[in-house]
2 protein chains.
Amino acid sequence: CISQDIDHILETQSALAVDLGGTNLRVAIVSMKGKIVKKYSQPNPKTYEDRIALILKMCSDAACDAAVNLNCRILGVGISTGGRVNPHKGVILHSTKLIQEWSSVDIRTPVSDTLHLPVWVDNDGNCAALAERKFGHGRGVENFVTVITGTGIGGGIVQHGELVHGSTFCAAELGHIMVSLEGPECSCGSRGCIEAYASGAALQREAKRLHDEDLLLVEGMSLKKDEQVTAAHLISAAHLGNSKAEAMLQTAGAALGMGIVNILHTVNPGLVVLSGILASFYQNPVQQAIRQRALSSAQGIHVVISELEEPALLGAASMVLDYTTRRTY
Amino acid sequence: CISQDIDHILETQSALAVDLGGTNLRVAIVSMKGKIVKKYSQPNPKTYEDRIALILKMCSDAACDAAVNLNCRILGVGISTGGRVNPHKGVILHSTKLIQEWSSVDIRTPVSDTLHLPVWVDNDGNCAALAERKFGHGRGVENFVTVITGTGIGGGIVQHGELVHGSTFCAAELGHIMVSLEGPECSCGSRGCIEAYASGAALQREAKRLHDEDLLLVEGMSLKKDEQVTAAHLISAAHLGNSKAEAMLQTAGAALGMGIVNILHTVNPGLVVLSGILASFYQNPVQQAIRQRALSSAQGIHVVISELEEPALLGAASMVLDYTTRRTY
Ligand SMILES: [Ca+2]
Ligand SMILES: [Ca+2]
Ligand SMILES: [Zn+2]
Ligand SMILES: [Zn+2]
């Protein structure tokens with residue numbers, strides 16, 4: 001009937017976006033313009049079976065919500081996940097221990113079979129870069145790099161407007177660029193990776209170490225009983241004049257900056273977008289490392305802070321929104 | 001007349017290739033199949049004027065030789081030079097002190113005006129990668145990286161069959177990937193670059209330092225009066241059981257290997273071609289560094305030794321041979 005046809009036309013074309021991180025499993029309905037219409041969050045289950053079951057349930061519920069309550073037409077599902085991903089096959093090849101039982105996993109088939117929708121998958125770093133390309137600082141920039149400093153460090157590289165995946169989908173594993181022959185141990189099994197120096201987890205590790213030696217808290221700081229020591233405490237301590245905390249943050253910033261200089265000397269992007277919770281903290285140290293250690297030809301690079309609130313979700317959605325409008329799958 | 005026409009048909013289609021290094025200025029006539037028909041070499045002059053004059057003279061002489069004596073038809077001139085190059089404009093943007101007075105130099109215009117031939121220019125590392133793509137291990141390989149370990153360290157990155165130049169022509173400056181927050185000083189002004197650890201010049205510096213402390217020569221080695229101490233002496237000393245020399249080479253190999261792992265984690269090529277005089281020495285240390293420090297997804301990479309005798313000249317020639325057969329300029 002006619003009223004249904006008109007309703008259909010007035011629906012908002014949208015994507016289901018899934019963000020699968022170390023802690024939470026999140027699903028969102030994202031409109032064509034990048035508006036997050038609704039978000040759903042659950043703790044990420046520890047086993048493969050529970051995780052897949054929850055993904056399917058959350059996606060089905062969200063798709064239902066979209067159709068019944070929100071008048072959103074879901075064009076497909078975009079999944080952002082930790083780990084190395086083969087985006088052509090929709091398979092997670094390998095994850096570190098942050099997400100257990102999450103290697104050699106075909107995520108596309110069960111989601112596509114259950115929801116009867118096309119499904120795209122890529123890793124969180126690449127999704128963050130896609131989000132910048134469609135909705136952020138990367139719009140219209142031919143070559144840029146996104147570096148996300150959160151619990152870990154991830155990233156994505158866009159060249160000639162397209163993600164660089166590499167020959168075994170291991171490109172842009174920017175957290176595992178090494179800046180020291182020795183250096184702190186990394187979750188990947190190597191050492192001296194920028195993730196082991198400058199990630200939220202690395203700063204938390206250093207904060208805990210200082211606290212264990214009773215060297216963290218200075219005047220103006222206190223910890224409640226049972227309060228977790230975090231990276232934020234290290235940053236507060238440094239601001240309040242704790243010279244050991246300051247030295248650690250300086251090393252972290254120098255390490256991240258050197259890692260980014262290495263990226264400049266390898267792919268020479270025109271823009272670096274810093275994203276994640278520690279982005280604004282690291283902007284100055286990164287710019288300083290570039291001034292001190294980059295080749296003169298690479299000095300002109302811009303280092304900006306992402307303005308996107310949900311890079312992983314927006315990037316996951318952009319895979320759906322870009323491809324369905326191009327009508328290729 | 002008819003005999004002239006037939007002569008013309010039987011001419012070998014060729015390129016003039018120029019290799020402009022820190023020490024020598026070389027010109028070669030290179031056939032379509034990658035055969036070096038004839039080579040000419042002179043010391044590279046120290047000033048801009050003398051250098052340009054010599055390039056023009058050597059190219060003119062070679063073109064004359066090609067036409068009169070060698071029955072080669074020269075299709076164009078390809079120039080490989082140290083430094084950062086804008087290949088679209090044929091301009092050398094910046095060189096380190098190895099080649100003096102060689103920044104902001106338009107090399108294309110004078111060569112093209114004098115020889116009345118199209119001219120292509122790129123840096124030596126990129127030319128080496130082009131040589132592998134056309135004549136070497138890179139044939140048919142979509143994504144590969146060439147790392148040249150000679151006096152310095154250079155390189156080139158091929159992605160989707162094309163060189164990566166970057167937004168300011170500073171991509172693939174692989175010698176200046178840093179693997180240490182501190183580390184030895186580099187000619188670029190930074191420190192801890194793989195060039196400062198593992199280049200021929202770096203090994204020579206370490207050999208001299210050991211020799212100055214009377215710690216280089218061991219049983220079975222001798223130095224003639226006035227003989228220069230070189231990287232080769234360090235390698236010999238290590239082979240003959242000099243543990244200090246051995247430790248230095250181990251550090252050099254580890255540093256180069258880590259730099260290459262950083263490349264794998266950034267662009268994830270399917271193949272690494274080691275080129276230059278130290279290539280075969282470094283193959284094992286690089287493979288070991290990959291086994292120890294690369295992500296599992298990057299472990300499958302092949303590391304091979306270039307079989308090309310003249311990568312810079314062949315790469316310079318390939319710019320001419322590829323473009324003139326495609327008839328684009
Ligand atoms: Ca990534
Ligand atoms: Ca290069
Ligand atoms: Zn790591
Ligand atoms: Zn350097």
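Structure's up top.
Quick notes on the rules
- The written sequence of each chain sets the order in which its residues are numbered from 1.
- Written order decides the labels, with chains lettered from A and ligands numbered from 1.
- Confidence filtering applies because this is a predicted model: local features only for residues at pLDDT of at least 70, side-chain atom pairs given and counted only at 80 or more, and all residues used for totals across whole chains, interfaces and linings.
- In computing side-chain properties, one takes all heavy atoms of the structure into account and sets aside hydrogens as well as water.
- For Na, K and Ca the donor cut-off is 3.2 Å; for every other metal, N, O and S atoms count as donors within 2.8 Å. Water does not enter the count, which can leave sites looking incomplete.
- Angular criteria define each label, namely tetrahedral for four donors with all angles between 85 and 135 degrees, square planar for four and octahedral for six donors with opposite donors over 155 degrees apart and remaining angles between 65 and 115, and irregular for whatever fails these tests.
- Only protein chains enter the accessibility calculation, which uses a 1.4 Å probe; a residue is then buried when its area is under 20% of its type maximum, exposed when over 50%, and partly exposed in between.
- Helical segments are the DSSP runs of H or I of at least four residues, strand segments are the runs of E of at least two, and each set is numbered from the N terminus.
- Contacts were defined at the residue level, with two residues in contact if any of their heavy atoms lie within 4.5 Å.
- Two strands pair under a simple rule: DSSP has to find at least two bridges between them.
- A least-squares superposition brings the copies together, and it is based on the C-alpha atoms of residues with pLDDT no lower than 70 in both.
- Salt bridges are defined as contacts in which a side-chain nitrogen from Lys or Arg sits within 4 Å of a carboxyl oxygen from Asp or Glu.

This part is about the coordination of the zinc ion (ligand 4). Residue and element names in this part refer to chain B. With distances of 2.0 to 2.4 Å, the protein atoms coordinating the zinc ion (ligand 4) are H176 (ND1), C186 (SG), C188 (SG) and C193 (SG). If you look at the zinc ion (ligand 4), its four donor atoms make angles of 106 to 121 degrees with each other, and the shape they trace is tetrahedral. Within one chain, the residues serving as donors to the zinc ion (ligand 4) are arranged as H-x9-C-x1-C-x4-C. Residue C188 is classed as partly exposed on the basis of its relative accessible area of 22%. Overall, the relative accessible area of 0% leaves C193 in the buried class.

Right, let's get into the environment of A:V18. Residues and elements named next belong to chain A. Inspection of the secondary structure assignment puts V18 in strand 1 (residues 12-20). A sequence separation of 84 residues divides V18 from W102, and the C-alpha atoms of the two residues are 15 Å apart. Ignoring sequence-local partners within four residues, the contact set of V18 consists of L25, R26, V27, C59, V77, G78, I79, S80, L313 and A316.

Right, let's get into the pairing of strand 3 (residues 36-43) of chain B. Residue and element names in this part refer to chain B. Where strand 2 (residues 24-31) meets strand 3, seven bridges bridge the pair, whose relative direction is antiparallel. Within strand 3, the position partnered with I29 by the bridge is K38. In sequence, strand 2 turns back onto strand 3 through a hairpin of four residues, with G34 there showing a positive phi of about 90 degrees.

Further remarks concern the coordination of the calcium ion (ligand 2). Residue and element names in this part refer to chain B. Coordination of the calcium ion (ligand 2) by the protein comes from G155 (O) and A172 (O), over a distance range of 2.4 to 2.8 Å. On the criterion of sequence distance, the pair formed by G155 in strand 10 (residues 153-159) and A172 in the loop between strand 11 (162-163) and helix 5 (194-198) is long-range, its members being 17 residues apart. By relative accessible area, G155 is classed as buried at 2%.

As a further point, take the relation of the copies chain B and chain A. The transform that puts chain B on chain A rotates by 180 degrees and translates by 0.0 Å along the axis, for an RMSD of 0.0 Å. Taken together, the rotation angle and the small translation identify this as a two-fold axis. When the interface residues of chain B are mapped onto chain A, 100% of them are again interface residues, pointing to one common binding face.

Moving on, we get to the pattern of salt bridges. Residue and element names in this part refer to chain A. Per the counting criterion, the structure on display carries 26 salt bridges over all chains. Two residues, R26 and D19, come together in a salt bridge whose shortest N-O distance is 3.1 Å. A relative accessible area of 17% means that R26 is categorised as buried. With its nearest N and O atoms 3.4 Å apart, the salt bridge here joins E173 to R84. Here E173 is found in the loop between strand 11 (162-163) and helix 5 (194-198), whereas its partner R84 is found in strand 5 (residues 84-86), with 89 residues between them in sequence. A relative accessible area of 9% means that E173 is categorised as buried. Here the residues in one salt-bridge network are D19, R26, K39 and E310, joined through shared partners.

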